[in-house]
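Each chain is listed here by its residues.
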Amino acid sequence: MPKSTAKSLVVVAGLGIGLLFVVGFLSGAIVRGTDNALLDKPEIHLQPVPILESDAKFVEEEHKLPNRFVLTNTLLSSWIATAILIVLFFFATRRMSLVPRGLQNFTEAIIGAMYDFVVSVAGDRNARRFFPFFATIFLFVLVNAWLGLLPIYQALGFIKDGAMERHLLRPAGTDLNMPLALALVSFVFVEFWAIRILGLGYFGKFFRFGGLLRVRSMSGLFQTAIDIFVGLLELLSELVRVVSFTFRLFGNMTAGEILLLVTAFLVPFVFSLPFYGLELLVGFIQALIFAGLTLVFVTIAIVPHEGEDHG
Amino acid sequence: MAELGFHWPSLLVYLVNFTLLLAILYVVGYKPILRILNQRTERIRGSLEEAEQIRAESEARQEEMKRELDQARQEGQVLITQARELADRYRDEERQKAKVEAEAFLTRARSDIERERDNAIEEVRQQFADLAMTAAERVVERSLDKDAHREVIEKVLQESSKIGGNG
């Protein structure tokens, strides 16, 4: 392509984008007010929304989900993410060859990079034990976050009286139950490996009452009291970790979702594009943080604490 | 928590969902991919080791060839030296032999010459004696005792040969 043609294409595209932005600005909530904007005023639901009509009615009346299994839009989204991952790996590993091609090459690159990361944190010996869990958390969180950025997520839903009543899909990360489930699984994973490798001695890290038997002086008693307190703090931090894991992911995903909705509401075109880029990054970072922290915690947990000798 | 969306059946479903995903991805994804990555690593390592081995073998072979060449050169040198020595010895022997033969030939020739000379002298002496007798007979013209005659002549000849030998 000649240089001048490329230049004129860039100019035309720039003008088009600028025009779209102006149109978006004029039709958005900033100029036309919240009631007359091009898009409906975004309704922020922290609760996942049921897909079935009967469940939706129950929620409308009781303001809570029924105490049984409910197919929600976030759950459906998580199933789609699960299906995508399974199908991707199924086709990638169906006919594997020593010289990789296409999908196999792609998945091998991802798995290889993640495996190297796990080795760099946990060491060669533990990498095989921890890798499947790390990779699944990372991929699940990432795919869920990125799926939510697809325009179809905002477009599909149930319309009532000309307005979107319920969205069919919503990123699973914005459902508290999904981060909570991952946090619980992560907690169990860390404790499982710690107990398996260190045995019951692992609990010695939290309950340091053994020092009381060796107290000889007042300063020794003071030291032991501090030690016991620190142990209990460790226990508390271990449990609080579930909460921090849950709300970190939930908060980030929900905030991202709200940010995109609000920016699109304020200026329907162009304006939200940089935020989509930001959300791509946030999704990746959150996936890495969730999986990475789990890996770091389990690597720390399997190291015997001072005074113990576990070989 | 309910306001935030906590719903224990959903939580349970997410837990089951994640566990299933972990299990399926392990079987369908991680295990085969890690296996093939391992296989590839092993293959590459094997190839590198093989290449290293071939290089080492080639070096060893080259070294051996060099050594054999050196040895052959040394052996060749020894052979040349031996051949030279042999040739020298043969030449000396032949020279010696030729010398001995020449000397033998010379000695034989000398003795032959001496013998021939002696024979010639003897013959000359005989002829001379006969001639002298004939001459003496003719000069004296008388018949003398033949034996006394010969005795005189022998005596004369001996004296003459003494004179000839000294001469």
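Residues numbered from 1 in each chain as written. Chains lettered and ligands numbered in written order. Predicted model: local features only at pLDDT ≥ 70, side-chain atom pairs only at ≥ 80, totals over all residues. Heavy atoms only, no water.

Engineer: Any chance you could explain the overall build of chain B here in plain terms?
Structural biologist: Looking only at helices and strands, one finds 2 helices and 0 strands in chain B. Relative to the globule expectation of 15 Å for 167 residues, the C-alpha radius of gyration of chain B, 62 Å, shows a markedly less compact shape. Its C-alpha atoms give chain B principal-axis dimensions of roughly 195 × 20 × 15 Å. Expressed as a percentage of its 167 residues, the buried residues of chain B come to 14%. Across chain B, 27 positive and 33 negative side-chain charges occur, with their mean positions spaced 5 Å apart. (Helix = DSSP H or I, 4+ residues; strand = E, 2+ residues; numbered from the N terminus. Rg over C-alpha atoms; globule rule 2.2 N^0.38 Å. Buried < 20%, exposed > 50% of the residue type's maximum accessible area, 1.4 Å probe, protein only. Lys, Arg positive; Asp, Glu negative; His and termini not counted. Charge placed at Lys NZ, Arg CZ, Asp CG, Glu CD.)

Engineer: Where do I start with the pattern of salt bridges in this structure?
Structural biologist: Between side chains of opposite charge, a pair can form when the charged atoms approach closely. Residues and elements named next belong to chain A. Counted according to the given criterion, the structure contains 17 salt bridges over all chains. A salt bridge links Arg166 to Glu53; its shortest N-O distance comes to 3.8 Å. Of the two residues, Arg166 is situated in strand S2 (residues 163-167) and Glu53 in helix H3 (residues 53-62); the sequence distance between them amounts to 113 residues. Since its relative accessible area comes to 47%, Glu53 is described here as partly exposed. (Salt bridge = Lys/Arg side-chain N within 4 Å of Asp/Glu carboxyl O.)

Engineer: Explain the side chain of Thr254 of chain A to me, please; I cannot follow it from the model alone.
Structural biologist: All names here are of chain A. In this fold, Thr254 is placed in helix H8 (residues 218-266). Of the residues examined, Thr254 reaches a relative accessible area of 10% and is grouped as buried. Filtering out sequence-adjacent residues up to four positions away, Thr254 remains in contact with Leu46 and Thr174. (Contact = heavy atoms within 4.5 Å.)

Engineer: Explain the environment of Ala127 of chain A here, please?
Structural biologist: Residue and element names in this part refer to chain A. Counting through the fold element by element, Ala127 comes out in helix H5 (residues 102-147). Relative accessible area serves as the criterion here: at 0%, Ala127 is assigned to the buried category. For the pair Ala127 and Tyr115, spaced 12 residues apart in sequence, the C-alpha to C-alpha distance is 7.2 Å. Apart from the residues lying within four places of it in its own chain, the contact partners of Ala127 are Tyr115, Val118 and Val119.

Engineer: Would you mind showing me how to read the pairing of strand S1 (residues 157-160) of chain A here?
Structural biologist: Each regular strand shows side chains that alternate between the opposite faces of the sheet. Residues and elements named next belong to chain A. The pairing of S1 with S2 spans 4 bridges and is antiparallel. Residue pairing for S2: Gly157 is matched across the bridge by His167. Counted between consecutive antiparallel strands, the loop separating S1 from S2 contains 2 residues, among which Asp161 sits at a positive phi close to 55 degrees. (Pairing = 2+ DSSP bridges.)

Engineer: Sorry if this is basic, but what is going on with the interface of chain B and chain A here?
Structural biologist: Facing the 33 residues of chain B at the interface are 50 residues of chain A. Of the roughly 3700 Å² buried where chain B meets chain A, counting both sides, 76% is carbon and sulfur surface. When the shortest N-O distance is used, the salt bridge between Arg40 of chain B and Glu108 of chain A registers 2.7 Å. Inspection of the region where chain B meets chain A yields 14 residue pairs in polar contact (both at pLDDT 80 or more). Classifying every residue of the side of chain B that touches chain A gives 23 nonpolar, 7 polar and 3 charged. (Buried area = accessible area lost by both parts, 1.4 Å probe. Polar contact = N/O pair within 3.5 Å; in protein donor to acceptor, adjacent residues only side chain to side chain. Nonpolar A, V, L, I, M, F, W, Y, C, P; charged D, E, K, R; others polar.)

Engineer: Is there a simple way to think about the packing of aromatic side chains in this case?
Structural biologist: The geometry of an aromatic ring pair comes down to the distance between the two centres and the angle between the two planes. Counted according to the given criterion, the structure contains 22 aromatic pairs over all chains. Among the aromatic residues, those joined into a cluster by ring pairs are Phe130, Phe133, Phe140, Phe189, Phe192 and Trp193 of chain A together with Phe18 of chain B. Just above the ring of Phe158 of chain A sits the side chain of Arg166 of chain A; from NZ or CZ to the centre is 4.4 Å. Stacked on the ring of Phe297 of chain A, the Lys or Arg Arg241 of chain A has its end atom at 3.6 Å from the ring centre. (Phe/Tyr/Trp six-rings, centres within 6.5 Å; stacked < 30°, edge-to-face > 60°. Lys NZ or Arg CZ within 6 Å of the ring centre and 35° of its normal.)

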